[in-house]
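Observations on chain architecture
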Amino acid sequence: GLESWGVQSVNGAFAGNSMYYLVLLWSRMATSTSYHKQGEALDELRRVLPDIFIAICNGLESWGVQSVNGADGDPCEGLDMFLNHLDMLPHIARVDYTKSSERVCTMLDHVIGALQSQHSTVQQGNVGASVINAEAAGAWLLYVVGAVIQNRQTSDTAEKCDGELAARAFQLIQWMEVREQALAAGCRDGIQVLERFEKAGLMFLSLYRRTYIGDQATVSSNHLLQILETRLG
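Bear in mind the structure is a predicted one, so any value in this text is a computation, not a measurement. (Residues numbered from 1 in each chain as written. Predicted model: local features only at pLDDT ≥ 70, side-chain atom pairs only at ≥ 80, totals over all residues. Heavy atoms only, no water.)

Things to note about the pattern of salt bridges
Applying the stated criterion across every chain, the model contains seven salt bridges. In this structure, the salt-bridge partner of Arg47 is Glu44, at a minimum N-O distance of 2.9 Å. Separated by three residues within a single helix, Arg47 and Glu44 lie in helix α3 (residues 40–68), roughly one turn from each other. A residue is classified by how much of its surface remains accessible, and Glu44, at 28% relative accessible area, is partly exposed. Asp162 is the partner of Arg94 in a salt bridge, and the nearest nitrogen-oxygen pair spans 3.2 Å. (Salt bridge = Lys/Arg side-chain N within 4 Å of Asp/Glu carboxyl O. Helix = DSSP H or I, 4+ residues; strand = E, 2+ residues; numbered from the N terminus. Buried < 20%, exposed > 50% of the residue type's maximum accessible area, 1.4 Å probe, protein only.)

Describing the packing of aromatic side chains
Given two aromatic rings, one states the distance between the centres and the angle between the planes to describe the pair. One pass over the structure, following the stated rule, counts five aromatic pairs. Seen in terms of ring centroids, Phe170 and Tyr208 are 5.1 Å apart; in terms of plane orientation they differ by 85°. Their pairing is edge-to-face. Taken together, the positions of Phe170 in helix α8 (residues 156–184) and Tyr208 in helix α9 (residues 191–212) put the pair 38 residues apart, joining distant regions of the chain. Taken as a pair, Phe170 and Tyr208 share a single burial class, namely buried. Here Tyr208 and Tyr212 contribute two aromatic rings whose centre-to-centre distance is 5.7 Å and whose plane-to-plane angle is 25°, an arrangement assigned as stacked. (Phe/Tyr/Trp six-rings, centres within 6.5 Å; stacked < 30°, edge-to-face > 60°.)

So, empty space enclosed by the protein
A full pass over the atoms with the stated rule returns one cavity of 30 Å³ or more. In terms of lining residues, the largest cavity is bounded by Phe53, Tyr97, Ser100, Ser101, Val104, Val144, Val145, Val148 and Leu165. Per-element accounting of the lining of the largest cavity gives the leading share, four residues, to helix α5 (residues 97–116). Considering only residue class, the lining of the largest cavity consists of seven nonpolar, two polar and no charged. (1 Å grid on protein atoms, 1.4 Å probe; cavity = no way out; pocket = protein on both sides within 12 Å on 5 of 7 lines; lining within 4 Å. Points joined across faces, edges and corners; volume = space filled by probe spheres on them. Nonpolar A, V, L, I, M, F, W, Y, C, P; charged D, E, K, R; others polar.)

Here we look at the packing of α5 against helix α7 (residues 129–149)
One can describe the packing of α5 onto α7 by two numbers: an axis separation of 9 Å at closest approach and a directional angle of 150°. One element, α5, and the other, α7, form an angle in the roughly antiparallel class. Read as a crossing pair, α5 and α7 show a hand that is left-handed. Residues Tyr97, Val104, Met107, Leu108, Val111, Ala114 and Leu115 of α5 form the contact with α7, whose participating residues are Val131, Ala134, Glu135, Ala137, Gly138, Leu141, Val145, Val148 and Ile149. (Axes fitted to C-alpha atoms, helices over the stretch in contact; angles between N-to-C directions. Parallel < 35°, antiparallel > 145°, perpendicular 65-115°, else oblique. Left-handed = near helix turned anticlockwise from the far one by under 90°. Contact = heavy atoms within 4.5 Å.)

Points about α9
For α9, spanning 22 residues, the distance from its first C-alpha to its last is 31 Å, which sits close to the expected 32 Å at 1.5 Å a residue. Taken together, the buried positions of α9 are Val193, Leu194, Arg196, Phe197, Ala200, Gly201, Phe204, Leu207, Tyr208, Thr211 and Tyr212. Viewed along the axis of α9, the buried residues span an arc of 155°, placing them on a single side of the element. Opposite the packed face of α9, turned more than 90 degrees from it, sit the exposed residues Gln192, Lys199, Leu202 and Arg209. (Expected span 1.5 Å × (residues − 1). Arc of directions from axis to C-beta.)

Notes on the packing of α8 against α9
A packed helix pair is summarised by two numbers, namely the angle formed by the two axes and the spacing between the axes. Taken N-terminus to C-terminus, the directions of α8 and α9 make an angle of 145°; their axes are 10 Å apart at the nearest point. Here α8 and α9 pass one another in a crossing that is left-handed. Of α9, the residues touching α8 (which contributes Glu159, Asp162, Ala166, Ala169, Phe170, Leu172, Ile173, Trp175, Met176, Arg179, Glu180 and Leu183) are Ile191, Leu194, Phe197, Glu198, Gly201, Phe204, Leu205, Tyr208 and Tyr212. Residue classes in the contact of α8 with α9 are distributed as 15 nonpolar, one polar and five charged.

Some remarks on the side chain of Gln171
On the secondary structure map, Gln171 appears in helix α8. Not counting chain neighbours up to four residues away, the residues in contact with Gln171 comprise Ile112, Gln116, Arg231 and Leu232.

Comments concerning the nonpolar core
The nonpolar side chains of a soluble globular protein tend to be buried, and buried together. In terms of nonpolar packing, the biggest core is built from 68 residues, with Phe53, Phe204 and Tyr208 touching the most fellow members. Considering each element in turn, this core owes the most residues, 15 residues, to α7. Residues within four places of Tyr208 in sequence aside, it is in contact with Ile149, Ala166, Phe170, Ile213, Leu224, Leu225 and Leu228. (Core = buried A, V, L, I, M, F, W, Y, C linked by side-chain atoms within 4.5 Å.)

In structure tokens form, the structure reads like this:
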């Protein structure tokens with residue numbers, strides 16, 4: 001079916017530039033849902049697109065981790081080109097934003113848990129492979145979250161989804177303070193991945209500021225702020 005083909009096509013696209021064209025295809029299909037007449041075809045497309053979005057996120061996350069372990073073609077190395085992928089992701093994600101955001105939150109929770117489980121070890125200056133892999137995955141998830149929330153919608157539901165994603169992104173960024181302690185202790189293991197992680201964090205903060213704090217933030221964001229206060233204190 002459409003779902004099986006779509007997920008398989010995305011999973012097989014990370015070997016080369018075909019990924020860009022597949023993301024473009026699905027982005028245009030997502031945009032077209034606004035113009036389709038109601039019917040089975042439209043319902044099927046709306047059902048499938050969140051799975052396509054998650055397949056793309058999984059691929060980006062895995063791609064970053066594989067690059068740590070010697071695989072070629074990490075998209076972070078050609079970031080300017082691959083940011084074009086991210087600009088198209090919100091169109092796919094927001095077809096069923098509740099479902100898409102919940103599944104990305106699950107991915108973020110997994111990475112956050114993996115890092116926090118190594119908190120005391122890293123503070124002591126020991127950075128193992130599990131931490132480096134989690135940071136590589138977290139970098140791409142930060143890019144994804146930044147890309148998605150910048151395409152802000154004004155509904156309460158969408159703002160709550162933004163809040164859940166942003167709260168987890170801020171939790172990831174807080175991890176950088178722990179890593180700074182490891183650097184201060186003289187540990188430079190995984191320094192290249194940490195630099196990518198920090199760049200992703202800075203990009204998220206820039207997009208968040210522009211969307212929810214800057215001149216473009218003309219709509220109140222009470223729901224998002226409540227979620228941030230609950231999760232971050």
